[in-house]
Amino acid sequence: MAKSKTTQLISALTGITLLAGVLLFLLKLPDILAKPQPPVLYALAENCDLNTGPCTATKEEKSISVAITPEKISSLVPLVFSATLTNINAQSVVLDLQGKDMFMGINQIKLSPASDGKTWEGTAELAVCTTNTMFWRASILAYPDESSNPEKATFEFEAK
């Protein structure tokens, strides 16, 4: 008789553990099934060259403009990147610099808001390339809050 009570207790504990596992799985199921959303992408104005002035990417009534100072973009020189957001509320803005044709490391700079509430600025320095000329991609990632996907505009430019 003692053996059957032990067996019953083990069966009851196993059932409770199994039930708790199923409940936990059901609670986490929405997170498991949720697919990560890609960033909102903006279309770049055609024939725009950051070496000659600002460029703007748009999506409906929203836009992201980027300017680099000084306009003569060179490697190993401090460059000020200015991103102006129109009709976009952002809590944080990040500049992501990548080599277009070769990996140049991870280059992300958190931009700081300017006093006008629309412009974000930061300073970066481009790595030198052995080919003398390097093509870069500068992506502006505007995050509305910590948990949302960013609004993203990518600009290409050449540096010597």
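Residues numbered from 1 in each chain as written. Predicted model: local features only at pLDDT ≥ 70, side-chain atom pairs only at ≥ 80, totals over all residues. Heavy atoms only, no water.

K.L.:
I'd like to hear about the packing of aromatic side chains, residue by residue, with values.
P.N.:
Counted under the stated rule, the structure contains one aromatic pair. Look at Phe 81 and Phe 157: their rings are 6.4 Å apart centre to centre, the planes differ by 55 degrees, and that puts the pair in the tilted class. Here Phe 81 is found in strand S5 (residues 78–86), whereas its partner Phe 157 is found in strand S10 (residues 151–159), with 76 residues between them in sequence. Since its relative accessible area comes to 1%, Phe 81 is described here as buried. According to the relative accessible area criterion, Phe 157 is buried, its value standing at 3%. (Phe/Tyr/Trp six-rings, centres within 6.5 Å; stacked < 30°, edge-to-face > 60°. Helix = DSSP H or I, 4+ residues; strand = E, 2+ residues; numbered from the N terminus. Buried < 20%, exposed > 50% of the residue type's maximum accessible area, 1.4 Å probe, protein only.)

K.L.:
I'd love a proper account of a nonpolar patch on the surface, names of residues and values included.
P.N.:
Taken together, the side chains of Leu 18, Leu 19, Val 22, Leu 23, Phe 25 and Leu 26 make up a nonpolar region of the molecular surface, amounting to roughly 600 Å² of accessible area. Among the structural elements, Leu 19 can be located in helix H1 (residues 2–33). (Patch = residues over 30% accessible without salt bridge, like charges linked within 9 Å, V, L, I, M, F, W, Y side chains within 5 Å. Areas by Shrake-Rupley, 256 points an atom, 1.4 Å probe, with all protein chains shown as cover. Salt bridge = Lys/Arg side-chain N within 4 Å of Asp/Glu carboxyl O.)

K.L.:
Just give me the short version of the confidence of the model for the protein, but keep the residues and values in it.
P.N.:
It should be kept in mind that the predicted coordinates are not to be read in detail where pLDDT is low. Mean pLDDT for the protein: 86, with 92% of residues reaching 70 or above. Confidence scores differ between elements of the protein, with strand S1 (residues 40–41) showing the lowest mean pLDDT of 73 and S5 the highest of 96. (pLDDT = per-residue confidence, 0-100.)

K.L.:
Explain the pattern of salt bridges residue by residue, including any values.
P.N.:
Counted under the stated rule, the structure contains three salt bridges. Here Glu 156 ties to Lys 100 by a salt bridge, and the two come within 3.1 Å at their closest N and O atoms. Of the two residues, Glu 156 is situated in strand S10 and Lys 100 in the loop between strand S6 (92–99) and strand S7 (107–113); the sequence distance between them amounts to 56 residues. Assessed through its relative accessible area of 34%, Glu 156 is described here as partly exposed. Classification of Lys 100 as partly exposed rests on a relative accessible area of 34%. If you follow the salt bridges from partner to partner, you end up with Lys 100, Arg 137 and Glu 156 in one network.

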